[in-house]
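Here is how the chains run, residue by residue.
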Amino acid sequence: MTRGSKHLRRWSTWSALVLAFVVAGCTGGTAPPSDGGTGDVTVQFNILGYSPNTPKLYQKAIDDFEAANPGIKVVLSNGSWDSAHEKILSWINTGDSPDITVLGPKWLPELIDLDGLQPFDSYLSAGFTDNFSPSLMEPLTVDGKIYSIPEALSTRMMYYRTDLFEAAGITSPPKTWAEFVTALKAAQTPPDVYGIAIQGAGDESVWNYTYFMLGAGGYFTNEAGDWAINQPANVEALQYEVDLVSKDKVSPPDPTAVDQDTVQALFTSGKAATYFGPPWTLPSIDAAIKDKVAIAPYPTKDGSPAPLYIQDSFVLFKNAKHPAEATKFLEFWSQDKYQVEFNTVESLIPVTTSAGADPAFADNASLQAFVAAIPDARSYPLKIGWETVNVELRNAIQAALLGQKTPQQALDDAQAAIDAKAP
């Protein structure tokens, strides 16, 4: 997830602030107040900010929660993504945790295995999770129990230059891989403008490959749930990505020197005809080309949409002192008026279905394309060993792009390394 360099979104010019806010609230969830019924409790609620605006947006909801629900104080802390994993582990180790924190769901299996979390089920209002797409809730539900609630989301789509496509006689966005190569060759004028920029450096290089992997019908695991990154569809996807650079020559020739910021900048500055990426790219597009950019599903092998999503989520600590009241504030925060403003300001996509239907998104064709992709979208599997898979897969992608190994060899070697490190 690329935010704070490792999670949902990258903010290179902002260091996470640690702020605290105190607010009042009411009894939470469907369970009785966890202080025995006095209503005089203090909830500890930790977030991980995406910009300097994040704590301010939460504060607005807290102020309203206080006015409507006197009796519970909520202390809001805003931590750093870079140190979040270590901090969460220390909270579990000492037993001195907040009630709820935001995290990257890739840590969820580890934290459940450490017995550091508890499910939300006992505290959620009836029907609350119905407002989240099953595609978002499914990986956060373990053994039938809701261990996490979506907090922030980006789906990934294709940005494309309508003027360059139309000048090349292409009147609609390509849907299949074959159509995509044809369109890129026709639309580009290298070295000034390439069809696409393939990324081979940095954390997001795995997501850049995942677009093609999902598009080939592949995945990180097999039907049994075991890591299987060298399955045939994945090899085919990596071969296609390599061919875009070396055979079709529709990308700059050295993708292993290109990171996510560079890929995005090449498109937003007008030096690439297409770009696969998240919604927060929209505000950064140069004014000269902004009205010449459209959004569509990225092409796949057979033309069937296979969107990727990345999300962050809330978890409830096992040692939470006031789980019901903390969950009540989470539900309060999930109302449309807060979700619409939060996602508009942070250039994200709402995690709730009702907020995604708000005119702020429904009446904006570009944003609605990202929203419409949610039901069919998939993310990486929440499975112990993901960090190893991420590293080994990134190494395989780079080796293939550099021509050091064939895609089959690269993924076979990565699979062997993953198997050797499996617990």
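Above this text sits the structure in question.
Here the residue numbering is sequential within each chain, running from 1 through the sequence in written order. In view of the model being predicted, local features appear only for residues whose pLDDT reaches at least 70, and side-chain atom pairs are presented and counted only at 80 or more, with totals across whole chains, interfaces and linings using the full set of residues. Computation of side-chain values covers all heavy atoms of the structure but excludes hydrogens and water.

Chemist: Explanation requested: the nonpolar core in the structure shown.
Modeler: For soluble globular proteins, nonpolar side chains are generally found buried alongside one another. Nonpolar core, defined: a set of buried Ala, Val, Leu, Ile, Met, Phe, Trp, Tyr and Cys residues in which side-chain atoms within 4.5 Å join the residues together. Three exposure classes are used, based on accessible area relative to the maximum for each residue type with a 1.4 Å probe and protein chains only: buried under 20%, partly exposed in between, and exposed over 50%. F45, Y58, F120, I149, Y159 and F314 are the most contacted members of the largest nonpolar core, which totals 80 residues. The element best represented in this core is helix α10 (residues 323-333), accounting for six residues. Contacts are assigned to residue pairs with any non-hydrogen atoms lying within 4.5 Å of each other. The residues contacting F120, other than those within four sequence positions of it, are I100, I146, Y147, S148, I149, F314, V315, L316, T327 and L330. F212, F220, A233 and L393 belong to the second-largest nonpolar core, a separate cluster that totals 55 residues. Think of it this way: any DSSP run of H or I at least four residues long counts as a helix, any run of E at least two long counts as a strand, and we number them from the N terminus.

Chemist: It is not clear to me how the environment of G104 should be interpreted in this structure. Could you clarify?
Modeler: Mapped onto the elements, G104 comes out in the loop between β4 (100-103) and α3 (108-113). Placed 110 residues apart in sequence, G104 and L214 show a C-alpha to C-alpha distance of 21 Å.

Chemist: Quick question: what am I supposed to make of the pairing of β4 here?
Modeler: Every other side chain in a regular strand lies on the same face of the sheet, so the side chains alternate between the two faces. With burial as the criterion, each face of β4 is covered, one bearing I100 and V102 and the other bearing T101 and L103. Strand pairing is assigned whenever DSSP detects at least two bridges linking the two strands. Bridge count between strand β2 (residues 41-48) and β4: two bridges; the pairing is parallel. In the strand pairing of β4, N46 is matched with T101.

Chemist: Whenever I open this one, the packing of helix α7 (residues 204-215) against helix α15 (residues 386-401) confuses me. Can you help?
Modeler: For helices, the axis comes from a line fit to the C-alpha atoms of the stretch in contact; other axes are also lines fit to C-alpha atoms, and the angle between any two N-to-C directions lies between 0 and 180 degrees. Viewed as axis vectors pointing N to C, α7 and α15 meet at an angle of 75°, and their least axial separation amounts to 9 Å. Classified by the interaxial angle, the pair formed by α7 and α15 is roughly perpendicular. Contacts from S205, V206, W207 and Y209 in α7 reach W386, N390, L393, R394 and I397 in α15. Classes in brief: Ala, Val, Leu, Ile, Met, Phe, Trp, Tyr, Cys and Pro nonpolar; Asp, Glu, Lys and Arg charged; the others, Gly included, polar. For the contact of α7 with α15, a count of residues per class yields six nonpolar, two polar and one charged. An angle counts as roughly parallel when it lies under 35 degrees, as roughly antiparallel when it exceeds 145, as roughly perpendicular when it falls between 65 and 115, and as oblique in every other case.

Chemist: Could you clarify how one ought to interpret unusual backbone geometry in this entry?
Modeler: Peptide bonds are, in most cases, trans, and in most cases residues other than glycine have a negative phi. Here P190 and P191 are connected by a cis peptide whose omega angle stands at 5°. Within the fold, P191 resides in the loop between α6 (177-187) and α7. Positive phi, close to 55°, is recorded for D143, a residue that is not glycine. As for its placement among the helices and strands, D143 is situated in the loop between β6 (141-142) and β7 (145-146). Here S347, not a glycine, exhibits a phi torsion of approximately 55°, which is positive. Following the sequence through the fold, S347 ends up in the loop between α11 (336-346) and α12 (353-356). On the accessibility criterion, S347 (14% relative accessible area) is buried.

Chemist: What am I meant to see in the pairing of strand β12 (residues 309-317) here?
Modeler: Where burial is concerned, most of β12 is hidden: nine out of the nine residues are buried. Side chains Y309, Q311, S313, V315 and F317 project from β12 onto one buried face, and the interleaved I310, D312, F314 and L316 project onto a second face that is buried too. Two elements, β4 and β12, share four bridges in a ladder whose sense is antiparallel. Within β12, the residue paired with T101 across the bridge is V315. In this sheet, β12 lies alongside strand β5 (residues 117-118) in antiparallel orientation, the contact comprising two bridges. Each residue of the ladder has a partner; that of Q118, found in β12, is L316.

Chemist: I keep staring at the sheet that holds strand β9 (residues 157-161) and nothing clicks. Help me out?
Modeler: In sheet architecture, strand pairing relies on hydrogen bonds along the backbone and comes in two forms, parallel and antiparallel. Strand order in this open sheet of three strands is β10-β9-β11, and the pairing throughout is antiparallel. Sheet topology places β10 (274-277) and β11 (293-296) at the edges, where each strand pairs with a single neighbour. Between one strand axis and the next, the sheet turns through 25° on average, direction left out of account. Bridge count between β9 and β10: four bridges; the pairing is antiparallel.

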